[in-house]
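Geometric and topological summary
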Amino acid sequence: RLSRQLSGDLDEEHVKLALEVIRRKFLVGLGGNPTATIFRFERFFTWIYRVNPMQQEKCRQEIFESAAANVLVEQGNTPAEGTPAYDLLAFQNQFDLQLFGYIESLWKEQEQFVEGIDEDIRTTEGTCCECDPPTLPPEGFLCPVTSTQ
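Counting starts from 1 at the beginning of each chain's written sequence and moves along it residue by residue. Where local features are concerned, this predicted model is filtered to residues with pLDDT of at least 70; where side-chain atom pairs are given and counted, the filter is 80 or more; whole-chain, interface and lining totals use all residues. In computing side-chain properties, one takes all heavy atoms of the structure into account and sets aside hydrogens as well as water.

So, the overall build of the chain
- The helix count covers DSSP runs of H or I at least four residues long, the strand count covers runs of E at least two residues long, and both are numbered beginning at the N terminus. Across its full length, the chain holds six helices and zero strands.
- Reading the chain from its N end, one meets helices and strands in the order α-α-α-α-α-α.
- Expressed as a percentage of its 149 residues, the buried residues of the chain come to 21%.
- As presented, the chain carries roughly 10900 Å² of accessible surface, and 55% of it is formed by carbon and sulfur atoms. In this scheme, a residue with accessible area under 20% of its type's maximum is buried, one over 50% is exposed, and one in between is partly exposed, where area comes from a 1.4 Å probe on protein chains only. Methods summary: accessible areas were calculated by the Shrake-Rupley approach with a probe of 1.4 Å, and residue burial reflects only the protein chains presented.

Below is the structure:
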């Protein structure tokens, strides 16, 4: 609903508007490439581990494995290109396919937003509140209070 058209038919003008909104307002990611998407988001938003880096890294890896498994399942449910089922889906989703094609090209273009940012920023600038002793940045950091209940 990027074009604010909530009912009725869509046309090329709606697609153009949606493309412009995506270009101007979104850092795009690709569901078919979840690992690279998370790496880019970590770098762009400078997501840094703050509580227990080793546990956070383990959790991150589990998310990647789960996402990769979901991508494989989804790919298995797609009709083969050139079949009547595929052609019908392509027709019914022609504007979605145009958006997706644009997002794939925008994905490549937006790499420039994270050039020069360390791919491991989450750990190289991370802190550890649960480590003994805690490792905190020089500018200070208030560790979250954990509940003992």
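Now that the structure has been shown, we can carry on.
Section: the pattern of salt bridges
- Throughout this description, the term salt bridge denotes a Lys or Arg side-chain nitrogen within 4 Å of a carboxyl oxygen of Asp or Glu. Counting across every chain of the model gives 10 salt bridges.
- As a salt-bridge pair, Glu42 and Arg122 come within 3.7 Å of each other at their nearest N and O atoms. Residue Glu42 is found in helix 2 (residues 34-44), and its partner Arg122 is found in helix 6 (residues 121-124); the two are separated by 80 residues along the sequence.
- Three or more residues joined by partner-sharing salt bridges are found here, namely Glu42, Glu57, Arg60, Asp120 and Arg122.

Let's talk about the nonpolar core
- Residues grouped as a nonpolar core are buried Ala, Val, Leu, Ile, Met, Phe, Trp, Tyr and Cys residues, joined through side-chain atoms within 4.5 Å. Of all hydrophobic cores here, the largest spans eight residues; its members are Ala18, Ile22, Val28, Leu30, Leu99, Ile103, Leu106 and Trp107.
- Of all the secondary structure elements, the ones that give two or more residues to this core are helix 1 (12-25) and helix 5 (94-109).
- In terms of residues, this core owes the most to one element, helix 5, which gives four residues.
- Residue contacts follow a heavy-atom distance rule, with two residues in contact if any of their heavy atoms lie within 4.5 Å. Residue contacts for Leu99: discarding those within four places in its chain leaves Val15, Ala18, Leu19 and Ile22.

Observations regarding the confidence of the model for the chain
- Residue-level confidence of the predictor is what pLDDT reports, using numbers from 0 through 100. Of the residues in the chain, 89% reach a pLDDT of 70 or more, and the chain-wide mean stands at 83.
- Helix 3 (residues 53-76) is the least confidently modelled element of the chain, averaging 77 in pLDDT, while helix 5 averages 94, the highest of any element.

With respect to the environment of Ile63
- Structurally, Ile63 can be placed in helix 3.
- Separated by 28 residues in sequence, Ile63 and Thr35 place their C-alpha atoms 9.1 Å apart.

Remarks on a nonpolar patch on the surface
- Like charges are joined within 9 Å and nonpolar side chains (Val, Leu, Ile, Met, Phe, Trp, Tyr) within 5 Å, but only among residues with over 30% relative accessible area and no salt bridge; these make up the patches. A cluster of nonpolar residues, Phe44, Phe45, Trp47 and Phe113, forms a patch on the protein surface that exposes about 400 Å² of accessible area.
- Structurally, Phe44 can be placed in helix 2.

A short note on helix 2
- Listed in full, the buried residues belonging to helix 2 are Pro34, Thr37, Arg40, Phe41, Glu42 and Arg43.
- Taken from the residues just after helix 2, Thr46 is the one with a positive phi, measuring 45 degrees.

Some remarks on the packing of helix 1 against helix 5
- Where helix 1 meets helix 5, the axes come as close as 10 Å, and the angle between the chain directions of the two elements is 25 degrees. The orientation of helix 1 relative to helix 5 falls into the category roughly parallel. By crossing handedness, the relation of helix 1 to helix 5 is classed as right-handed. In contact with Glu12, Val15, Ala18, Leu19, Ile22 and Arg23 of helix 1, helix 5 contributes Phe95, Gln98, Leu99, Tyr102, Ile103 and Leu106.
- For the contact of helix 1 with helix 5, the class distribution of residues is nine nonpolar, one polar and two charged. To get an axis, fit a line to the C-alpha atoms, keeping to the stretch in contact for a helix; angles then go from 0 to 180 degrees between the N-to-C directions. Throughout, the term roughly parallel applies to angles under 35 degrees, roughly antiparallel to angles over 145, roughly perpendicular to angles from 65 to 115, and oblique to all others. In a left-handed crossing the near helix is turned counterclockwise from the far helix by less than a right angle, and in a right-handed crossing that turn is clockwise. Residue classes follow a fixed rule: Ala, Val, Leu, Ile, Met, Phe, Trp, Tyr, Cys and Pro count as nonpolar, while Asp, Glu, Lys and Arg count as charged, and any other residue, Gly among them, counts as polar.

Considering a negative patch on the surface
- A cluster of acidic side chains, namely Asp118, Glu119, Glu125 and Glu139, defines a negative patch on the protein surface.
- Within the secondary structure layout, Glu139 lies in the segment after helix 6. Under the convention used here, Asp and Glu are negative, Lys and Arg are positive, and both His and the chain ends fall outside the count. By convention, the charge on Lys lies at NZ, on Arg at CZ, on Asp at CG and on Glu at CD.

Some remarks on unusual backbone geometry
- Of note in this structure, Thr46 is not a glycine but carries a positive phi near 45 degrees.
- Within the fold, Thr46 resides in the loop between helix 2 and helix 3.
- Residue Thr46 is classed as partly exposed on the basis of its relative accessible area, which comes to 41%.

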